[in-house]
Amino acid sequence: MAIPSFVDAATLTVAGGNGGHGCASIHREKFKPLGGPDGGNGGNGGSVILRVDPGLTTLVEYHRQSQRRADNGQPGKGDHANGGNGADVVLGVPDGTVVHDADTGATLADLVGAEAEVIVAAGGRGGLGNAALASATRKAPGFALLGEEGEARRITLELKVLADIGLVGFPSAGKSSLIAAISRARPKIADYPFTTLVPNLGVVVAGETTFTVADVPGLIEGASEGRGLGHDFLRHIERCQAIVHVIDCATYEPGRDPLTDLDIIEAELAAHGGLEDRPRMVALNKVDVPDAADLAEIVHADLEARGLPTFAISTKTGHGLQALTFAMAELVAARRAAAPKPEPKRIVIRPAPVAGGPEFSIRQQGDGEGGFVWRVRGEKPERWVRQTDFGNGEAVGYLADRFARLGIETELLAQGARAGDAVAIGGGEHPVVFDFAPQVDVGAELLSRRGEDQRLFQERESVKRRRKLDAEYHAAKEAERLTRLASDGYSADDASALQPGESGPDEGQHSGTHQGDTQQGDRQQSDRQQSDRQQSDDD
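Before going into details, it helps to say that this report is about the structure given with it. (Residues numbered from 1 in each chain as written. Predicted model: local features only at pLDDT ≥ 70, side-chain atom pairs only at ≥ 80, totals over all residues. Heavy atoms only, no water.)

Let's talk about the pattern of salt bridges
Thinking step 1. Going through the model one piece at a time under the given rule, you end up with 20 salt bridges.
Thinking step 2. Linking glutamate 61 and arginine 68 is a salt bridge whose minimum nitrogen-to-oxygen distance equals 3.8 Å.
Thinking step 3. With a closest N to O distance of 3.2 Å, lysine 286 and aspartate 248 form a salt bridge. Taken together, the positions of lysine 286 in the loop between strand 13 (280-285) and helix 6 (290-305) and aspartate 248 in strand 12 (residues 242-248) put the pair 38 residues apart, joining distant regions of the chain.
Thinking step 4. On the basis of relative accessibility, which here comes to 8%, the residue aspartate 248 falls in the buried class.
Thinking step 5. One connected set of salt bridges, linked through shared partners, spans Arg125, Glu148, Glu379, Arg383 and Arg386. (Salt bridge = Lys/Arg side-chain N within 4 Å of Asp/Glu carboxyl O. Helix = DSSP H or I, 4+ residues; strand = E, 2+ residues; numbered from the N terminus. Buried < 20%, exposed > 50% of the residue type's maximum accessible area, 1.4 Å probe, protein only.)

Here we look at empty space enclosed by the protein
Here the idea is plain: a probe the size of a water molecule rolls over the atoms and shows the empty space left.
Thinking step 1. Tallied over the full model, the rule gives one cavity of 30 Å³ or more.
Thinking step 2. Here the lining of the largest cavity gets four residues from one element, more than from any other, and that element is strand 12.
Thinking step 3. Looking at the lining of the largest cavity, its residues break down into seven nonpolar, two polar and three charged. (1 Å grid on protein atoms, 1.4 Å probe; cavity = no way out; pocket = protein on both sides within 12 Å on 5 of 7 lines; lining within 4 Å. Points joined across faces, edges and corners; volume = space filled by probe spheres on them. Nonpolar A, V, L, I, M, F, W, Y, C, P; charged D, E, K, R; others polar.)

With respect to the nonpolar core
Generally speaking, soluble globular proteins have nonpolar side chains that are buried together.
Thinking step 1. If you look at the biggest cluster of nonpolar residues, it comprises 24 residues, and the most contacted ones within it are Leu50, Tyr62, Val93, Leu111, Val120, Ile155 and Leu157.
Thinking step 2. Secondary structure elements with two or more residues in this core: strand 1 (9-15), strand 2 (48-52), helix 1 (60-64), strand 4 (89-93), strand 6 (107-111), strand 7 (117-121) and strand 8 (152-159).
Thinking step 3. Setting aside its immediate chain neighbours within four residues, leucine 111 contacts Leu50, Val52, Val93, Asp95, Gly96, Thr97, Val99, Ala116, Glu117 and Val118.
Thinking step 4. Counting residues in each nonpolar core, the second largest holds 23 residues, with Val204, Ala206, Ala283 and Ala327 among its members. (Core = buried A, V, L, I, M, F, W, Y, C linked by side-chain atoms within 4.5 Å. Contact = heavy atoms within 4.5 Å.)

A short note on helix 3 (residues 175-182)
Thinking step 1. Counting buried positions along helix 3 yields seven of eight residues, so the element is predominantly enclosed.
Thinking step 2. Along helix 3, the residues that are buried comprise Lys175, Ser176, Ser177, Leu178, Ile179, Ala180 and Ile182.

Describing the sheet that holds strand 2
Thinking step 1. With respect to topology, three strands assemble into an open sheet ordered 4-2-7, the strand pairing being mixed. Either end of the sheet is taken by a strand with one partner, and the two such strands are strand 4 and strand 7. Within the sheet, the average angular offset between the axes of one strand and its neighbour, ignoring direction, is 30 degrees.
Thinking step 2. In this structure, strand 2 lies alongside strand 7, joined through four bridges in antiparallel fashion. Along strand 7, the bridge assignment pairs leucine 50 with valine 118. (Pairing = 2+ DSSP bridges. Axes fitted to C-alpha atoms, helices over the stretch in contact; angles between N-to-C directions.)

Spelled out as structure tokens, the structure:
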């Protein structure tokens, strides 16, 4: 099956990259095996962005490949190394592309103007490492947060050609011939209906005004209901500033005349909707044929009476084309002058408003098996659940602390929840289900170090014990020295005045004995320190 060269509608599946997981790491170096948490944060996932590319005129690229995904963020590492962000995927679209959500039908963006862009699938945020989670009460978390999944959705792209003048009319009325005659566009021209299968664009210069002209192929009676090809292309005149009816005055089909053709096409435009405020003009084509020239002269007064500027033209001989072209240019210039001036592009930061209501909701619902479950919904708790590694007990404890600070447990108790009740958090068909265990029933001594690495706590306690033993040893040695000096006849004040290591006049004779005592005491101190280190290693 051949792929068309012009595509004005496409359905696309897009997905942002997942955020990288945070890292749980402990800093280690010589003589300092547990130096505190140093896990880095995960990188953010890349986003899928649609951006207007003035060089594009079709959506055929997305007809060939309908799935696009951005890169994932990298996980964090130790030594405070954050993961890299995933690369964004920027998709170029033609000017005038409208973006819809394929599932809900909601309009996401109307991309008009160079460099206009919209994020259609945001990347997931990276998880925090344990260094970022450390606090005064949780000095060494043994866990990190998981990265969030990127946004995924199906979107439809709908191209609405940007043109100043839209040409409408029955097949073979001469719309393509008119564009070829007044511009450098070279559309396909033939003497059979539905020759034009895609909209044609032409750039026209009339005096100091330059404007674009587009035709809508295949308009017939019932086009707005799906007949012919017009229902696929009526959208392309929605942005036109004016509409020109091209009427074939040389047709030999029964029941056809200029006024009837005009009424039928106007009925189709009214059924499509949104075009009532566009100025109209009429071009009576093929007046190079004698009978057509007579017919054009007959209906000219009736068309003028309807308030429609009317021009008799021939795309074959060029008759009346200059007058029609300058009339279109004058109309476009007037519409441009009346249009409000575009505001200069500026960066506007709009912080999200602070929600005035509760950050979560709780309701009791049946579980389908005769029981019930407490259903908790809210943006924060659902995001926290997605960030939690349920294989890590400390991470689960941290999640419980967050729920408690948010007030979920208090509200559950207020609504009558009891310990052991099922609590479901999250949307969709597969929420996360917990057994309710309120923290108010847990001893405070268990909450004081929740989320803290116990190895670091044991190391600090071991250091405290060593320092205490060293202080006791030095105090005993000082008491022994003072006792010895007192036995040699020194008063308490004189003994205290002597610094450790100084000897009285008569103390030299006991130096050998004291030296032996000192060496024995040092050996005892060394044995005590070695025993303490062994005990610390066992802990």
